[in-house]
Amino acid sequence: MSETAEVPLRAKQAEPTPSEWDWVDRTVWTERMLAALGHGVKGNKGFSLIDKVYRQSTLQAAWEPVKANRGAAGTDRQSIEGFAANAEKYLNELAKDLQEDRYQAQAVRRVDIPKAGGKTRRLGIPTVKERIVQTAVKRVIEPIFEKEFLPTSYGFRPGRGCKDALREVDTHLKEGYTHVVDADLKGYFDSIPHSLLKERIEERISDGRLLELLAGWLRQDIVKGLERWTPTGGTPQGAVISPVLTNLYLHPWTKEWQGWAIAWCATRTTSSSCAKVRNKRKWH
């Protein structure tokens, strides 16, 4: 095969419809809601969502993975064990605070995790209560954004993972796609402009109370030792809600790449990506 030869596109299997998603919280998303999402909701936006966040069933369901994941305490020093000792009481308080618009985002504890080569990764540790509320919000809003995301994106998405991406890469290599673009977005989590991210969120969500809750997480203070500051951009790497927001911000970029690459982002993990190019001459 010549270096510039086109490789024919293969037929793709149909992606599951929202009604067929097995990862969706069915106590939040009914069959009727999922069907409406699949056909296109009015104005292409989600509305009246905050009441689904502060439901006792949603918060209880959100608490379970937070408890299972364990993790360190946040700035309020409350541990998983401490919350578990009075979980019913704390969940009732969270529900009431959210319902009455009294809930306030708490500061995030910043720690540096060692990486290879003497480098470090900045990790944000929200409080246990914050992790529960973020998980509840994620369960409510994730299907709205998942409906828009491309099937060739695998990073931080439900039902997808790195092994799926590797299988995709292997398939395309066997089909003759041998030119690969490998890119890494340096400091991606910390560099997202808040104004543009909020615009992307508002394109799909119109519930003002939920929008304010999300905005509060973008402007919540960061604490590292004796230092405390308010970020002007980014979303904490380590926060439950961050992967959804970072995927959302990157989505228009992934759509642009589809015009010239096959299986764009087959290995995308939000901050890094690769694409298999159909024709090497496109780069000249």
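In the block above lies the structure referred to throughout.
Residues numbered from 1 in each chain as written. Predicted model: local features only at pLDDT ≥ 70, side-chain atom pairs only at ≥ 80, totals over all residues. Heavy atoms only, no water.

Undergrad: Is there a simple way to explain the packing of aromatic side chains in this structure?
TA: What describes a pair of aromatic rings is the distance from one ring centre to the other and the angle between the planes of the rings. Going through the model one piece at a time under the given rule, you end up with five aromatic pairs. Ring centres of Trp63 and Phe83 lie 4.7 Å apart, and the angle between their planes is 45°; on these two criteria the pair is classed as tilted. Taken together, the positions of Trp63 in helix 3 (residues 56-69) and Phe83 in helix 4 (residues 80-85) put the pair 20 residues apart, joining distant regions of the chain. For the residue pair Trp63 and Phe83, the accessibility class agrees, reading buried in each case. Where Tyr188 meets Phe189, the ring centres are 6.2 Å apart and the plane angle is 70°; that geometry is what we call edge-to-face. As far as burial versus exposure is concerned, Tyr188 and Phe189 are alike and both buried. Feature note: the residues Trp63, Phe83 and Tyr90 constitute an aromatic cluster, connected by ring pairs. (Phe/Tyr/Trp six-rings, centres within 6.5 Å; stacked < 30°, edge-to-face > 60°. Helix = DSSP H or I, 4+ residues; strand = E, 2+ residues; numbered from the N terminus. Buried < 20%, exposed > 50% of the residue type's maximum accessible area, 1.4 Å probe, protein only.)

Undergrad: Looking at this structure, how should I read the nonpolar core?
TA: Among soluble globular proteins, nonpolar side chains are generally buried collectively. In this structure, Ile132, Val137 and Leu210 are the most contacted members of the largest nonpolar core, which totals 50 residues. The leading source of residues in this core is helix 6 (residues 128-146), at nine residues. In this view, Ile132 contacts Leu59, Ala62, Trp63, Val66, Phe83, Leu91 and Leu94; residues no more than four positions away in its chain are not counted. (Core = buried A, V, L, I, M, F, W, Y, C linked by side-chain atoms within 4.5 Å. Contact = heavy atoms within 4.5 Å.)

Undergrad: Looking at this structure, how should I read helix 11 (residues 242-257)?
TA: For the α-helix, the turn length of 3.6 residues means that residues three or four positions removed from each other point alike. In this model helix 11 runs 23 Å from its N-terminal to its C-terminal C-alpha over 16 residues, within 8% of the 22 Å that 1.5 Å per residue would give. The axis of helix 11 is deflected most strongly, by about 40°, at His251, and proline Pro252 appears within four residues downstream. Burial within helix 11 is extensive, with 12 of its 16 residues counted as buried. Burial in helix 11 covers these residues: Ser242, Pro243, Val244, Leu245, Thr246, Asn247, Leu248, Tyr249, Leu250, His251, Thr254 and Trp257. (Expected span 1.5 Å × (residues − 1). Bend = angle between axes of the 7 residues up to and from the residue.)

Undergrad: What's the story with the pairing of strand 1 (residues 108-114) in this structure? I'm lost.
TA: Regular strands place their side chains on alternate faces of the sheet. Bridge count for strand 1 against strand 4 (residues 222-224) is two bridges, and the pairing is parallel. When the bridges of strand 4 are listed, Arg109 appears paired with Val223. Here strand 1 pairs with strand 2 (residues 120-125) via six bridges, running antiparallel. Bridge assignment links Arg109 to a residue of strand 2, and that residue is Ile125. Joining the antiparallel neighbours strand 1 and strand 2 is a turn of five residues, in which Gly117 adopts a positive phi near 75°. (Pairing = 2+ DSSP bridges.)

Undergrad: Hey, could you run me through a positive patch on the surface in this one?
TA: A contiguous patch of positive charge on the surface is contributed by Lys115, Lys119, Arg121 and Lys186. With respect to the helices, strands and loops of the structure, Arg121 is situated in strand 2. (Patch = residues over 30% accessible without salt bridge, like charges linked within 9 Å, V, L, I, M, F, W, Y side chains within 5 Å. Areas by Shrake-Rupley, 256 points an atom, 1.4 Å probe, with all protein chains shown as cover. Salt bridge = Lys/Arg side-chain N within 4 Å of Asp/Glu carboxyl O. Lys, Arg positive; Asp, Glu negative; His and termini not counted. Charge placed at Lys NZ, Arg CZ, Asp CG, Glu CD.)

Undergrad: Looking at this structure, I do not really get the packing of helix 9 (residues 194-202) against helix 10 (residues 208-218). What am I missing?
TA: Between two packed helices, what matters for the description is the angle formed by their axes and the separation of those axes. Their axes nearest at 11 Å, the elements helix 9 and helix 10 cross at an angle of 155°. As summarised for this structure, helix 9 and helix 10 are arranged roughly antiparallel, according to the angle between their axes. Remark: the crossing between helix 9 and helix 10 carries right-handed chirality. Facing helix 9, whose interface residues are His194, Leu197, Lys198, Ile201 and Glu202, helix 10 presents Leu211, Leu214, Ala215 and Leu218. (Axes fitted to C-alpha atoms, helices over the stretch in contact; angles between N-to-C directions. Parallel < 35°, antiparallel > 145°, perpendicular 65-115°, else oblique. Left-handed = near helix turned anticlockwise from the far one by under 90°.)

Undergrad: Help me out: how do you make sense of the packing of helix 6 against helix 10 in this one?
TA: Running from amino to carboxyl end, helix 6 crosses helix 10 at an angle of 130°, the nearest separation of the two axes being 12 Å. Taken as axis vectors, helix 6 and helix 10 run oblique relative to one another. Where helix 6 crosses over helix 10, the two elements pack in a sense that is left-handed. Facing helix 6, whose interface residues are Glu130, Val133, Gln134, Val137 and Ile141, helix 10 presents Leu210, Leu213, Leu214 and Trp217.

Undergrad: What is the right way to look at unusual backbone geometry in this model?
TA: When glycine is set aside, most residues are seen to have a negative phi, and most peptide bonds are trans. Of note, Arg70 is a non-glycine position whose phi angle comes to about 60°, a positive value. Relative to the helices and strands, Arg70 resides in the loop between helix 3 and helix 4. Overall, the relative accessible area of 48% leaves Arg70 in the partly exposed class.

Undergrad: How should I be thinking about the sheet that holds strand 2 in this particular structure?
TA: Sheet architecture is open: four strands sit in the order 2-1-4-5, paired in mixed fashion. Of all strands in the sheet, those bounded by a partner on one side alone are strand 2 and strand 5 (227-229). Between one strand axis and the next, the sheet turns by 30° as a mean value, whatever way the strands run.

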